[in-house]
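Descriptive analysis of the structure
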Amino acid sequence: MGCGTSVATETQRKGVETDDTVKTPTPALTMKAAVLIQRWYRRYMARLEMRRRYTWNIFQSIEYAGEQDQLQLSSFFSFMLDNFTQLNGNGPDLISQLLDPVVEPWLERETCYNLISVPESYTGPRLSFPLSVSDTNALLSAFKEQQTLHARYVLQLLYETKKLLKQMPNIIHLSTSYTKEITICGDLHGRLDDLLLIFYKNGLPSAETPYVFNGDFVDRGKKSIEVVMLLFAYLLLYPDYMHLNRGNHEDHIMNLRYGFTKEVMQKYKIHGHEILQLFQEVFSLLPIATVIDGKILIVHGGISDETDLDFLSSIERHKVKSALRFPRHSLEQLDIGQSCRQMKRMRSTDGSRPSSSRSHYKNQRTPNQRKRRCRLSRQDSAASTSSSSSSSSSSSSSLCSPRTPSSLTPHPCLSSPSMPYTINVLQVPFLDSLSSVSPPTPPQHEREWKQIVDILWSDPKTQEGCSPNTFRGGGCYFGPDVSQRLLLQHGLQLLIRSHECKQEGYELCHGGRVITIFSASNYYEVGSNRGAYIKVGRELVPRFYQYQVSRTTRKLTLTQRVRAAEGSALRALKEKLFTHRSELMLGFQQFDYNNNGRVSVSEWAQVLESVLRLDVPWRTLRPHLAHLAPDGRVEYQSCFEDMGPGISLPQVTPNLAETLFRYRTDIEIIFNIIDKDHSGLISVEEFRHTWRLFSAHLGVDINDKAIDDLARSIDFNKDGSIDFTEFLEAFRVVHKLDNKDQQLNGKVDGDGGWRSIHEGKNLNANLREVLHVSAEKLVERK
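My aim in this report is to walk through the structure given alongside it, one point at a time. (Residues numbered from 1 in each chain as written. Predicted model: local features only at pLDDT ≥ 70, side-chain atom pairs only at ≥ 80, totals over all residues. Heavy atoms only, no water.)

Here the focus is the overall build of the chain. Regarding its fold elements, the chain presents 28 helices and 24 strands. Every one of the 782 residues in the chain was classed for burial, and the buried ones make up 53%. For the chain, long-range pairs separated by at least 24 residues make up 75% of all intrachain contacts whose partners lie at least 6 apart in sequence. As presented, the chain carries roughly 36,400 Å² of accessible surface, and 52% of it is formed by carbon and sulfur atoms. (Helix = DSSP H or I, 4+ residues; strand = E, 2+ residues; numbered from the N terminus. Buried < 20%, exposed > 50% of the residue type's maximum accessible area, 1.4 Å probe, protein only. Contact = heavy atoms within 4.5 Å. Areas by Shrake-Rupley, 256 points an atom, 1.4 Å probe, with all protein chains shown as cover.)

Written out as structure tokens, the structure reads:
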């Protein structure tokens, strides 16, 4: 028995030894496995980074295209206001109401807010002036609890802020000798959570914790009122330790498009109009720059080759209510400006601009396709920059030209009131030759306006020189030579600016001499970017602090965050395709020689860039936007199959519905001008006024009968008035795949077939997520 046991034990030992031999890999095999895993991981991370980059590119391109549309609309309004009287003998009251509004008489009284009673039922904070720490603490607590400050206290706080700002200079000078460190924050854009997180991490404003907030407090976010009220309250409490620069969104015309006006009117239905008027006054009084220890310049956007800090210190900044309100020009001045610009463009493009298929296609575009005539692609901009880099003194500020109706001007294309180049010499016809004369010096108010536009709208670039910021539509691109020259001229070391969203919340350029700081995390989409702020001490060395508001982002893996942002970006891009469907189809058909609905990938990408001018990697995005045929060509109609209109409406004119989809925001802005009582309802006559402005803006010829037909078709309850919310909802792009998903999710358990299909679609996604889990953990550990 003992021998049997011994034999069995030996057999077991041999089996264990054999198993150990099989399970223990050789060093070569281990190394090979490690190399394969590392190679897979690197490819996975490279693909993820590629998705992050093109997602970011899409978001930024669409954002800048929207800003350019706003500048074009404002340019049109300015042209109408300045020249309508000359041409027709009467002024456009509706537009002057927007650009040069008359302040309500009762608002001129210092104590007008006393006429507004606060009911006993009001449970929010009751402020007393001058403000104390208990008042600001109460305000903080109320906003955390989603409470709204009463209109009386909003008006009173704005009046006190206005009085304080009137006493401040254009450029604030700070010193670190009185404090340990100064904290500099970038754009907040109505993100209250980001502001509260900054205060939590860095401390509330005080003598020990001074702040500089570098503009763009409002718009885009849903809590702009709360953000700006807190900033103004701390400014009143600590005027020596809380400093606010003006941004390009502290502008009542920008607020019409990007949400602040709408937010105020929704939260303050009775006194909203008066509050907006006071905000306009306060915004125009905000300082435009801050200097720390005479060495660090802080402005919102940037500079140009004509930026003069001494001149900026002397201007009357409150006169520039809006940087989008162009200085007044006569038609003759505009004509001279256009002819000079055309000569300059001919010189800069002849022989220097590379010929390409894009240029060939540009000549074949329809008038509608040339709608963005002031917009250049980045390649075109770079070409023109390189051709004119020898003249570093060329002025760079520009704003997009207005779309002017042909009935108002004899010129086919009216240029922007601001001249994007400084013309040193004008070639004037004299007898049979050209004579050179000096151009007239621009008036003082135009120089002041131009300086402010450059400060609020400009962006840095890596190339030398200064060029018009055609991609965003306003200000300029300034190169490292421009920033170095300004810093040396004024004895500065560093330029800190905001104005651009950065993935990490900050970015250094121009050899570290220019820093961009952006404080609104999750700006485009949840997980799209971090926020950051800078702390500067007596040694003037900037230190960066990053954060991300993470109510949901902490629960998401890296892949899930990228996927969510990518999906949102692709939805926005597909809407752009849908709203330009006619132009795109026309471009595709020019390359579809066999009329089989197919073009090559290069032709497909060429048409998209020529029409949309978004400068995104179309070839990389092709699998997300269109299908390939078996022969490898693109079925271009598949670009539009996932989208459709919200409500089908009769076509009163060709392509009218598509035009409405594309300019939905512009229509809303014009409507808000006409809807004086902000009721959301307009009569058919007011609807006609809206369309006369809109058709003049776009040059679309629509007669009154067509307008009446359209009005009747969207007067759903037939009461003679139009609910503009319903009108805008009718012209909203609907994603068909979203509807399908909603239908699938809405099915009850009894619909086993639908449930199994939906679960089957999710199976692959879940499997991929499981496979990526190890990589995600590695990334999160890093």
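Below, the discussion takes up the pairing of strand β16 (residues 531-537). Most of β16 sits inside the fold, with seven of its seven residues counted as buried. As judged from the five bridges shared by β16 and strand β17 (residues 543-547), these two strands associate in the antiparallel manner. Bridging from a neighbouring strand, I534 pairs with F544 of β17. Here β16 hands over to β17 after five residues, with L540 in that stretch at a positive phi of 60°. (Pairing = 2+ DSSP bridges.)

Ordered in space as β4-β3-β2-β16-β17, the five strands form an open sheet in which the pairing is mixed. The open sheet has two free edges, formed respectively by β4 (242-244) and β17, since each of these has just one partner strand. The mean angle between the axes of side-by-side strands here comes to 20°, regardless of whether they run parallel or antiparallel. With respect to the sheet, helix α7 (residues 224-237) is in contact with β3 (211-213) and β4, its orientation differing from that of β4 by roughly 130°. (Axes fitted to C-alpha atoms, helices over the stretch in contact; angles between N-to-C directions.)

Residue position: P460 is located in strand β10 (residues 459-460). A relative accessible area of 16% means that P460 is categorised as buried. Setting aside its immediate chain neighbours within four residues, P460 contacts Y477, F478, R497, E500, C509, H510 and V514.

Applying the stated rule across the entire model yields 21 salt bridges. Beyond isolated ion pairs, a larger network of salt bridges with shared partners links D459, R472, R497, E500, K502 and E507. (Salt bridge = Lys/Arg side-chain N within 4 Å of Asp/Glu carboxyl O.)

Here six strands make up an open sheet; going across it, the order is β1-β5-β6-β13-β15-β14 and the pairing mixed. Bordering the open sheet on either side are β1 (171-174) and β14 (506-509), each of which pairs with just one other strand. With strand direction ignored, the average angle separating the axes of adjacent strands in the sheet is 20°. Pairing geometry for strand β5 (residues 289-292) and strand β6 (residues 296-298), over three bridges, is antiparallel.

Tallied over the full model, the rule gives 18 aromatic pairs. Judged by centre distance (4.9 Å) and plane angle (5°), the rings of F59 and Y524 are stacked. Placement of F59 in helix α2 (residues 27-88) and of Y524 in the loop between β15 (514-517) and β16 is noted, with a sequence separation of 465 residues between them. The exposure class assigned to F59 is buried, which follows from its relative accessible area of 9%. Note on Y524: relative accessible area 15%, which makes it buried. Here F518 and Y523 contribute two aromatic rings whose centre-to-centre distance is 5.0 Å and whose plane-to-plane angle is 75°, an arrangement assigned as edge-to-face. Summarising the burial analysis for this pair, F518 and Y523 share the class buried. These aromatic residues form a ring-pair network of at least three members: W56, F59, F518, Y523 and Y524. We note R447 situated over the ring of F311; from NZ or CZ to the ring centre the distance is 4.2 Å. (Phe/Tyr/Trp six-rings, centres within 6.5 Å; stacked < 30°, edge-to-face > 60°. Lys NZ or Arg CZ within 6 Å of the ring centre and 35° of its normal.)

Moving on, we get to the nonpolar core. Counting residues in hydrophobic clusters, the biggest one holds 74 residues, and the most contacted among them are L149, F213, M229, F232 and F279. Per element, the largest residue contribution to this core is 12 residues, and it comes from α7. The contacts of L149, once residues within four sequence positions are left out, are Y122, P125, L127, L139, F143, V154, M229 and Y268. Core analysis: the second largest hydrophobic core is formed by 36 residues, W604, L614, L621 and V634 among them. (Core = buried A, V, L, I, M, F, W, Y, C linked by side-chain atoms within 4.5 Å.)

Before going further, it helps to spend a moment on the environment of M254. Its location among the elements puts M254 in helix α8 (residues 252-258). Taking the C-alpha atoms as reference points, M254 and Q70, 184 residues apart in sequence, are found 7.3 Å from one another. M254 has contacts with Q70, D219, N248, H249, L324 and W457, leaving out every residue within four places of it along the chain.

By the element assignment, D459 lies in strand β10. Taking relative accessible area as the criterion, D459 reaches 1% and is therefore assigned buried. Those residues in contact with D459 that sit more than four places away from it in its chain are N469, R472, C476, Y477, F478, R497, H499 and E500.

What follows is about the packing of helix α4 (residues 133-144) against α7. Remark: α4 packs on α7, axes separated minimally by 10 Å, with the N-to-C direction vectors making an angle of 170°. Viewed along their axes, α4 and α7 adopt a mutual orientation that is roughly antiparallel. Where α4 approaches α7, its residues V133, T136, L139, L140 and F143 are matched on the opposing element by E226, M229, L230, A233, Y234 and L237. (Parallel < 35°, antiparallel > 145°, perpendicular 65-115°, else oblique.)

To continue, consider the packing of helix α9 (residues 260-267) against helix α10 (residues 272-285). Viewed as axis vectors pointing N to C, α9 and α10 meet at an angle of 140°, and their least axial separation amounts to 9 Å. With respect to α10, the element α9 is oriented oblique. For the pair α9 and α10, the sense of crossing is right-handed. Taking contact as the criterion, the partners of F260, T261, V264 and M265 in α9 are, on α10, G272, H273, I275, L276, F279 and F283. Of the residues assigned to the contact of α9 with α10, the class counts are seven nonpolar, three polar and no charged. (Left-handed = near helix turned anticlockwise from the far one by under 90°. Nonpolar A, V, L, I, M, F, W, Y, C, P; charged D, E, K, R; others polar.)

This brings us to unusual backbone geometry. Note the cis peptide between F129 and P130, where omega equals 0°. Positive phi, close to 55°, is recorded for N522, a residue that is not glycine. Looking at the secondary structure, you find N522 in the loop between β15 and β16. The backbone of D615 shows a phi angle near 55°, a positive value even though the residue is not glycine. Along the polypeptide, D615 turns up in the loop between α19 (601-612) and α20 (618-625). For D615, a relative accessible area of 17% puts it in the buried group.

Turning our attention to helix α5 (residues 151-166). Helix length check: α5, at 16 residues, gives a terminal C-alpha distance of 23 Å against a target of 22 Å (1.5 Å per residue), a fit within 8%. Summarising burial for α5: 12 of the 16 residues are buried, a large majority. Of the surrounding secondary structure, the elements contacted by the buried residues of α5 are α7 and α10. (Expected span 1.5 Å × (residues − 1).)

For the rest of this paragraph, the subject is the side chain of E263. Looking at the element boundaries, E263 is found in helix α9. Separated by 2.8 Å, the side chains of E263 and K267 make a polar contact. Filtering out sequence-adjacent residues up to four positions away, E263 remains in contact with G221, K222, K223, S224, I225 and E226. (Polar contact = N/O pair within 3.5 Å; in protein donor to acceptor, adjacent residues only side chain to side chain.)

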